Amino acid sequence: VNCDSDTIDALSRKLLETLSLATLFKRDAQQTLTDAVALPLKEKLIDSLGIASPAPAWSSKVDPSVRLQNLLEELDKFPRSQQSVLASFTTGDGTSTLKGMAERMVLVSNQYFHKDEREAISDIVICQLDPECELHCGRNACSDEECEYFRIACPNYGCDQMVSRK
């Protein structure tokens, strides 16, 4: 399924930020991230997306962009919800946590939550949040040549981003 590239990129980045910050809030992973910390958090994060559950009935009355914004706001709450009690005392105002965020995002992206995986999960989430097909192509037999959401290389010189055709 082809989805809007801006929406995929935003959700993929939010997933990376969310998992990275959640790992920094774990006391036993503030200095060194291990599989024992990262992988269960990743599983909880993916479970929190509700991919396996049908969309609630009320959601059909809400615009897809509002549904997406609600999900992004819920993702903002995830890191603190996973924070250990002891870590909450040691992270204080969060400045030391935020200082390590860029490095942690690189580590999480390289070792635990690759971009391809985040984008695939984002595709699934967007299709679930958007039954009206405003943010993705809803045609079953869509060919890449005709789809407005098909990802192509950015036409701007020197840009290596992939963008939707539209």
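As the structure is a computational prediction, the values presented were derived from the model and not from experiment.

**Student:** Please clarify how the overall build of the protein should be interpreted in this entry.
**Tutor:** A count of helices and strands for the protein gives seven helices and two strands. When the helices and strands of the protein are read in sequence order from the N terminus, they spell out α-α-α-α-α-α-α-β-β. When the 166 residues of the protein are sorted by exposure, 39% land in the buried category. The contacts in the protein between residues at least 6 apart in sequence include a share of 72% that link residues at least 24 apart.

**Student:** Quick question: what am I supposed to make of the nonpolar core here?
**Tutor:** Considering soluble globular proteins, one finds that nonpolar side chains tend to be buried as a cluster. Counting residues in each nonpolar core, the largest one holds 31 residues, and the members touching the most others are L11, L15 and L75. In terms of residues, this core owes the most to one element, helix α1 (residues 5-24), which gives eight residues. Those residues in contact with L15 that sit more than four places away from it in its chain are L45, L49, L75, F113, R118, I121 and S122.

**Student:** Before we go on, may I ask you to explain the environment of H136 in this structure?
**Tutor:** Among the secondary structure elements, H136 is positioned in the loop between α7 (115-129) and β1 (151-153). On the accessibility criterion, H136 (6% relative accessible area) is buried.

**Student:** Looking at this structure, how should I read the packing of α1 against α7?
**Tutor:** Angle between the axes and distance between the axes are the two parameters that describe a pair of packed helices. Taken N-terminus to C-terminus, the directions of α1 and α7 make an angle of 120 degrees; their axes are 9 Å apart at the nearest point. In the crossing of α1 with α7, the sense of the turn from one axis to the other is right-handed. Counted together, T7, I8, D9, L11, S12, L15 and L16 of α1 and K115, R118, E119, I121, S122, D123, V125 and I126 of α7 form the full contact between these two elements. Looking at the contact of α1 with α7 residue by residue, the classes come out as seven nonpolar, three polar and five charged.

**Student:** I would appreciate a short explanation of the pattern of salt bridges in the present structure.
**Tutor:** Where charged atoms of side chains with opposite charge meet at close range, the side chains can pair. Across all of its chains, the model carries six salt bridges by this definition. Put simply, K14 and D76 hold a salt bridge, and the shortest N to O gap is 2.4 Å. A residue pair is termed long-range when its members are at least 10 positions apart, and K14 in helix α1 and D76 in helix α3 (residues 64-81) qualify at 62 residues. Note on K14: relative accessible area 16%, which makes it buried. Its relative accessible area of 46% is what places D76 among the partly exposed residues. The partner of K42 in a salt bridge is E117, with the nearest N and O atoms 2.8 Å apart. With a gap of 75 residues between them, K42 in helix α2 (residues 35-48) and E117 in helix α7 connect regions that are remote in the sequence. K42 sits in the buried class, given a relative accessible area of 12%.

What counts and what doesn't
Residues numbered from 1 in each chain as written. Predicted model: local features only at pLDDT ≥ 70, side-chain atom pairs only at ≥ 80, totals over all residues. Heavy atoms only, no water. Helix = DSSP H or I, 4+ residues; strand = E, 2+ residues; numbered from the N terminus. Buried < 20%, exposed > 50% of the residue type's maximum accessible area, 1.4 Å probe, protein only. Contact = heavy atoms within 4.5 Å. Core = buried A, V, L, I, M, F, W, Y, C linked by side-chain atoms within 4.5 Å. Axes fitted to C-alpha atoms, helices over the stretch in contact; angles between N-to-C directions. Left-handed = near helix turned anticlockwise from the far one by under 90°. Nonpolar A, V, L, I, M, F, W, Y, C, P; charged D, E, K, R; others polar. Salt bridge = Lys/Arg side-chain N within 4 Å of Asp/Glu carboxyl O.

None of this, on its own, says anything about what the molecule does.
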